[in-house]
Amino acid sequence: YRYFYFKCMFEEMFNNFWNNFQDIQSYPKDIYLQILFIIGRTYYIQGDMETATEIYYYIFNIAYSNLLSNLCIKSLHRICIIEEKLKMYECAKKTIEQLLKNKFFISSKRQAFAYFRISKCYLGLEKMELAHKENDKSIEIKESLNAQRGLIFSYKLRAQIFIADDNLKEAVLWAKRAYSLALEQNLDKEIVATGIVLAKILLMSNDNIKATEIIENCIYPAKSYALVYRLETLNNICKEYDLSLMQNIIESEYESAVLQLKKEQADYKKYLEPIISKNINKDRIKTLFEKKKSLSHELLNLL
């Protein structure tokens, strides 16, 4: 399943998962939950954060009742990622800082993830100096581990912080570095993610030709893997900078991606949601998304 995920073979992954769904439930709990992490992660990157949250919340409950503390922490971290995306920066930051303080993030790799996410929260809070500081910690660990994929995201974040600092000269350098590394590693999802940031900076710098070329390179993989959220972002950029031709192409591909995601959501509702609904409080998910009340900190207090 990890191979499917990192190779962006999402259709094959889901087909394998649903076709073997009954057998997978009989796997050892830790293996079963780790597969669910990958399923939840896929829904998340395609733009369905609510389904992803339901899965992570379910994983936490099952892990908690089976004394699988590492998976409890991992699910909390994933929920924090979603809270950050919902602009609940203080909530997410507070939970991750507590996890670090209590030394729940033991491995260097996990610590790097934590510093990266705290940096994103500081960026959202417009505290640029602290955002740079936390991201620098993350980069230092990732470089020591030669974690190339992780560095792609940290270099991209550095570019985003410089954008917020109105330093386009530095922003474009780090965005290009992130994009080049994604191309070098042949990571399609990451090419799309970094390409969006680089294209935005180029448009801000009035380099429309190069920006349009990068956007065009992002459209096909985003559509192929049903990255609905990324297509929405590309579409918004095209609207903002009046790239009508690109916008028409994106809107056409967007419909196809949405149909694919709807199929995956229908499978989830048929097979997995009935099981999850018996084990989580779905009203808590609704409260998270509608009232922006933290789920991660509530779960943290159980540990």
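Residues numbered from 1 in each chain as written. Predicted model: local features only at pLDDT ≥ 70, side-chain atom pairs only at ≥ 80, totals over all residues. Heavy atoms only, no water.

## What to know about the overall build of the protein
For step 1, the next point in the chain: In terms of helices and strands, the protein carries 17 helices and zero strands.
For step 2, the next point in the chain: The C-alpha radius of gyration of the protein comes to 19 Å, within 12% of the 19 Å expected for a compact globule of 303 residues.
For step 3, the next point in the chain: Seen along its three principal axes, the alpha-carbon backbone of the protein occupies a region of about 55 × 40 × 40 Å.
For step 4, the next point in the chain: A burial count over the protein gives 50% of its 303 residues as buried.
For step 5, the next point in the chain: Contacts in the protein between residues far apart in sequence, at least 24 positions, make up 64% of those at least 6 positions apart.
For step 6, the next point in the chain: Counting only carbon and sulfur atoms, one obtains 48% of the accessible surface of the protein, whose full area is about 14600 Å². (Helix = DSSP H or I, 4+ residues; strand = E, 2+ residues; numbered from the N terminus. Rg over C-alpha atoms; globule rule 2.2 N^0.38 Å. Buried < 20%, exposed > 50% of the residue type's maximum accessible area, 1.4 Å probe, protein only. Contact = heavy atoms within 4.5 Å. Areas by Shrake-Rupley, 256 points an atom, 1.4 Å probe, with all protein chains shown as cover.)

## Digging into unusual backbone geometry
For step 1, the next point in the chain: Here the phi dihedral of Leu67 falls at roughly 60°; this positive angle occurs in a residue that is not glycine.
For step 2, the next point in the chain: Position of Leu67 among the secondary structure elements: in the loop between helix 5 (49-65) and helix 6 (69-85).
For step 3, the next point in the chain: Judged by relative accessible area, which is 76%, Leu67 ranks as exposed.
For step 4, the next point in the chain: Here Glu126, not a glycine, exhibits a phi torsion of approximately 60°, which is positive.
For step 5, the next point in the chain: Examined against the element boundaries, Glu126 turns out to sit in the loop between helix 8 (108-124) and helix 9 (128-145).

## What to know about the pattern of salt bridges
For step 1, the next point in the chain: Throughout the structure, instances matching the rule amount to 13 salt bridges.
For step 2, the next point in the chain: When the shortest N-O distance is used, the salt bridge between Glu190 and Lys189 registers 3.7 Å. Across the pair, exposure class does not vary: Glu190 and Lys189 are buried alike.
For step 3, the next point in the chain: Ionic pairing is found between Lys200 and Glu240, a salt bridge with its closest N-O pair at 2.7 Å. Placement of Lys200 in helix 12 (residues 188-204) and of Glu240 in helix 14 (residues 228-240) is noted, with a sequence separation of 40 residues between them. (Salt bridge = Lys/Arg side-chain N within 4 Å of Asp/Glu carboxyl O.)

## Section: the packing of aromatic side chains
For step 1, the next point in the chain: Under the criterion given, the structure shown has 16 aromatic pairs.
For step 2, the next point in the chain: Judged by centre distance (5.6 Å) and plane angle (70°), the rings of Phe17 and Phe21 are edge-to-face.
For step 3, the next point in the chain: The exposure class assigned to Phe21 is buried, which follows from its relative accessible area of 3%.
For step 4, the next point in the chain: Both rings, one in Tyr43 and one in Tyr268, keep their centres 5.9 Å apart while their planes meet at 65°; by these two values the pair is edge-to-face. One end of the pair, Tyr43, is in helix 4 (residues 29-46); the other, Tyr268, is in helix 15 (residues 244-277), and 225 residues separate them in sequence.
For step 5, the next point in the chain: A relative accessible area of 0% places Tyr43 in the buried class.
For step 6, the next point in the chain: Tyr268 sits in the buried class, given a relative accessible area of 1%.
For step 7, the next point in the chain: In textbook terms, an aromatic cluster arises when at least three aromatic residues are bridged by ring pairs, as seen for Tyr1, Phe4, Phe14, Phe17, Trp18, Phe21, Tyr43, Tyr268 and Tyr271. (Phe/Tyr/Trp six-rings, centres within 6.5 Å; stacked < 30°, edge-to-face > 60°.)

## Digging into the packing of helix 11 (residues 168-185) against helix 12
The description of two helices packed together rests on the angle between their axes and the distance between the axes.
For step 1, the next point in the chain: Packing of helix 11 against helix 12 brings their axes to within 9 Å, and their N-to-C directions diverge by 155°. Classified by the angle between their axes, helix 11 and helix 12 sit roughly antiparallel to one another. Helix-helix and strand crossings are classified by hand; for helix 11 and helix 12 the assignment is left-handed. Residues Leu168, Ala171, Val172, Ala175, Lys176, Ala178, Tyr179, Ala182 and Leu183 of helix 11 pack against Glu190, Ile191, Thr194, Gly195, Val197, Leu198, Ile201, Leu202 and Met204 of helix 12. (Axes fitted to C-alpha atoms, helices over the stretch in contact; angles between N-to-C directions. Parallel < 35°, antiparallel > 145°, perpendicular 65-115°, else oblique. Left-handed = near helix turned anticlockwise from the far one by under 90°.)

## A look at the nonpolar core
For step 1, the next point in the chain: The biggest cluster of nonpolar side chains holds 109 residues, and the ones touching the most others in it are Phe17, Leu36, Tyr43, Ile55, Ile215 and Leu272.
For step 2, the next point in the chain: It is helix 4 that contributes the most residues to this core, ten residues altogether.
For step 3, the next point in the chain: When near neighbours in sequence (up to four residues on either side) are disregarded, Ile55 contacts Leu36, Ile39, Gly40, Tyr43, Tyr268, Leu272 and Ile276. (Core = buried A, V, L, I, M, F, W, Y, C linked by side-chain atoms within 4.5 Å.)

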